[in-house]
Amino acid sequence: MTSKSMTKTVLALLIAFGVQATASAQFGNVLNRAKYSARSKVESKIDQAIDNAIDKGIDKATDAAKEQFDPNKAKNTTSDGGIQVLYGSDNFLVGTYYPDTKVFKIDGNDITYTFQDDGAVMGQDGKQKGLIKDGNVSSGKIYNILVQDNGDAYWNNGKIGSVSDDGQVVLFDSNIAHATQPMDKRILAFCVYGVLYKTGKMQELQKNYQEGGVGGYTMTRTTVTTSGGNSSSGEAVLYKGGSIFGKLKNDGTVIINGSNKGQIRSNGSIYVGGSNVGTLRSNGDVLKSGSIIGNIDSNGNVRIKGSIVGKVESNGDVRKSGSIIGKAKNMTNLRHVAIIYFFGFYHF
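Just so we're clear, the structure is a prediction, and the values are computed from it rather than from any experiment.

A. How the structure looks around the overall build of the protein chain. From N to C terminus, the protein chain includes 6 helices and 24 strands. Each of the 348 residues in the protein chain was classed as buried or not, and the buried ones make up 48%. Residue pairs at least 24 apart in sequence account for 46% of intrachain contacts in the protein chain once pairs closer than 6 positions are excluded. Working note: accessible area of the protein chain is about 16700 Å², and carbon and sulfur atoms make up 46% of it.

In structure tokens:
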């Protein structure tokens with residue numbers, strides 16, 4: 001990665017929200033042509049701002065990137081009992097959370113999210129916009145962020161940040177947001193990660209962080225190697241026993257014995273060929289022909305008919321009945337790997 005490329009990604013993390021907050025907050029709705037045009041202009045402003053900053057000098061850009069969020073600048077809690085969620089070093093107001101009613105209201109418009117006791121997150125239009133269940137936080141933009149009880153946040157089989165007891169939100173070592181009062185960690189994760197970041201952007205930031213980019217100022221570049229075959233950074237190599245039989249790309253495309261067999265899409269739809277044959281829900285339930293046939297929990301345990309039949313380890317080892325039957329090297333999505341090995345959608 002070049003210095004300019006790394007800096008550009010760092011700056012994107014720091015300034016993107018400031019110019020795209022209004023457009024991003026609309027994630028649960030179908031955008032009409034006018035809104036789409038406005039959003040395109042916003043994204044153009046982001047790119048232009050990043051390029052202008054880089055043109056002023058890498059040193060200045062890096063200094064700006066290292067600036068941390070200052071909670072001492074935070075505004076006071078609102079008089080009506082609301083907790084403000086603030087973003088960036090300039091404390092941009094994302095929205096206000098009302099713990100008595102469990103409602104989060106986006107600043108500047110009528111968009112609200114209501115957090116129900118069953119984990120459903122409902123929008124102001126009465127439609128479900130997300131889910132918080134079994135520690136996993138999902139929104140209409142990004143799925144299955146696991147927030148552990150201690151606040152550590154994991155996604156795509158890697159740690160992406162943390163949410164602290166006092167309301168600090170960290171993304172890849174950078175303190176990006178803060179709540180003016182302590183609040184439920186998983187709800188705060190939804191209000192920050194779930195509202196502000198799309199799957200594609202999080203994948204980009206995660207990749208750059210792993211290579212020493214965003215937030216990783218002291219990290220050295222690492223290289224993933226595979227024994228018996230090389231992989232590009234955009235795919236996992238799938239083994240059965242000691243032999244390669246397929247690949248799983250980061251966009252969910254499944255390659256078996258050199259042929260494209262389908263795709264596990266970011267919305268959970270499981271395609272074989274051109275047909276939608278199943279669903280991977282945000283809570284890990286796996287459906288086929290509309291019926292639940294199993295579950296993959298956040299730790300990689302695979303259950304069929306209520307019993308654990310195997311597991312995908314964090315290092316990519318695939319176990320069945322306690323024995324290693326294969327491996328997914330350079331794995332980025334644990335549940336997608338489990339779909340391939342355990343549920344018979346893709347034969348190998």
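B. Spotlight on the sheet that holds strand S3 (residues 103–106). Strand order in the closed barrel formed by 12 strands is S1-S2-S3-S4-S5-S6-S7-S8-S9-S10-S11-S12, with antiparallel pairing between adjacent strands. Adjacent strand axes in the sheet meet at a mean angle of 25 degrees, parallel and antiparallel pairs treated alike. In this sheet, S3 lies alongside strand S2 (residues 92–98) in antiparallel orientation, the contact comprising 4 bridges. Paired with Tyr98 across the two strands is Val103, which belongs to S3.

C. Fine view of the sheet that holds strand S19 (residues 285–288). Here 12 strands make up a closed barrel; going around it, the order is S13-S14-S15-S16-S17-S18-S19-S20-S21-S22-S23-S24 and the pairing antiparallel. Strand-to-strand twist of the sheet, defined as the mean angle between neighbouring strand axes without regard to direction, takes the value 25 degrees. In this sheet, strand S20 (residues 291–296) lies alongside S19 in antiparallel orientation, the contact comprising 4 bridges. Within S20, the residue paired with Asp285 across the bridge is Asn295. Its contacts with the sheet place helix H6 (residues 334–342) against strand S13 (235–240), strand S14 (243–249), strand S15 (253–256), strand S16 (259–264), strand S17 (269–272), strand S18 (275–280), S19, S20, strand S21 (301–304), strand S22 (307–312), strand S23 (317–320) and strand S24 (323–329), and it is angled at close to 120 degrees to S22.

D. Focus on the pairing of strand S1 (residues 83–87). The buried count for S1 comes to 5 of 5 residues, which makes it a mostly enclosed element. Side chains Ile83, Val85 and Tyr87 of S1 all project onto a buried face; the interleaved residues Gln84 and Leu86 project onto the opposite face, where all are buried too. With 5 bridges connecting them, S1 and S2 associate as antiparallel partners. Note on S2: the bridge partner recorded for Gln84 is Thr96. Sheet analysis places S1 next to strand S12 (residues 174–179), joined by 3 bridges and oriented antiparallel.

E. The arrangement of H6 in detail. Most of H6 is tucked away: 9 of the 9 residues are buried. Residues of H6 that are buried include every one of Leu334, Arg335, His336, Val337, Ala338, Ile339, Ile340, Tyr341 and Phe342, and no others. Its side-chain oxygen at 3.2 Å from the backbone nitrogen of Arg335, Asn333 defines the N-terminal cap of H6. Positioned one or two residues after H6, Gly344 has a phi angle of 75 degrees, which is positive.

F. Just unusual backbone geometry, in detail. Residue Asn156 is not a glycine yet carries a positive backbone phi of 55 degrees. On the secondary structure map, Asn156 appears in the loop between strand S9 (152–155) and strand S10 (158–163). Of the residues examined, Asn156 reaches a relative accessible area of 15% and is grouped as buried. One non-glycine residue, Asn330, lies in positive phi territory at about 65 degrees.

G. Broad picture of the nonpolar core. One finds Phe115 and Tyr193 to be the most contacted residues of the largest nonpolar core, which totals 40 residues. Take this core: its biggest share by element is 9 residues, from helix H4 (residues 185–196). Once residues lying within four places of it in the same chain are set aside, the contact partners of Tyr193 are Ile142, Ile145, Ala153, Gly161, Ser162, Val163, Val169, Val170, Leu171 and Met202.

Criteria and cut-off values
- Residues numbered from 1 in each chain as written.
- Predicted model: local features only at pLDDT ≥ 70, side-chain atom pairs only at ≥ 80, totals over all residues.
- Heavy atoms only, no water.
- Helix = DSSP H or I, 4+ residues; strand = E, 2+ residues; numbered from the N terminus.
- Buried < 20%, exposed > 50% of the residue type's maximum accessible area, 1.4 Å probe, protein only.
- Contact = heavy atoms within 4.5 Å.
- Areas by Shrake-Rupley, 256 points an atom, 1.4 Å probe, with all protein chains shown as cover.
- Pairing = 2+ DSSP bridges.
- Axes fitted to C-alpha atoms, helices over the stretch in contact; angles between N-to-C directions.
- Polar contact = N/O pair within 3.5 Å; in protein donor to acceptor, adjacent residues only side chain to side chain.
- Core = buried A, V, L, I, M, F, W, Y, C linked by side-chain atoms within 4.5 Å.

So far we have only geometry, and geometry alone does not tell us how the molecule works.
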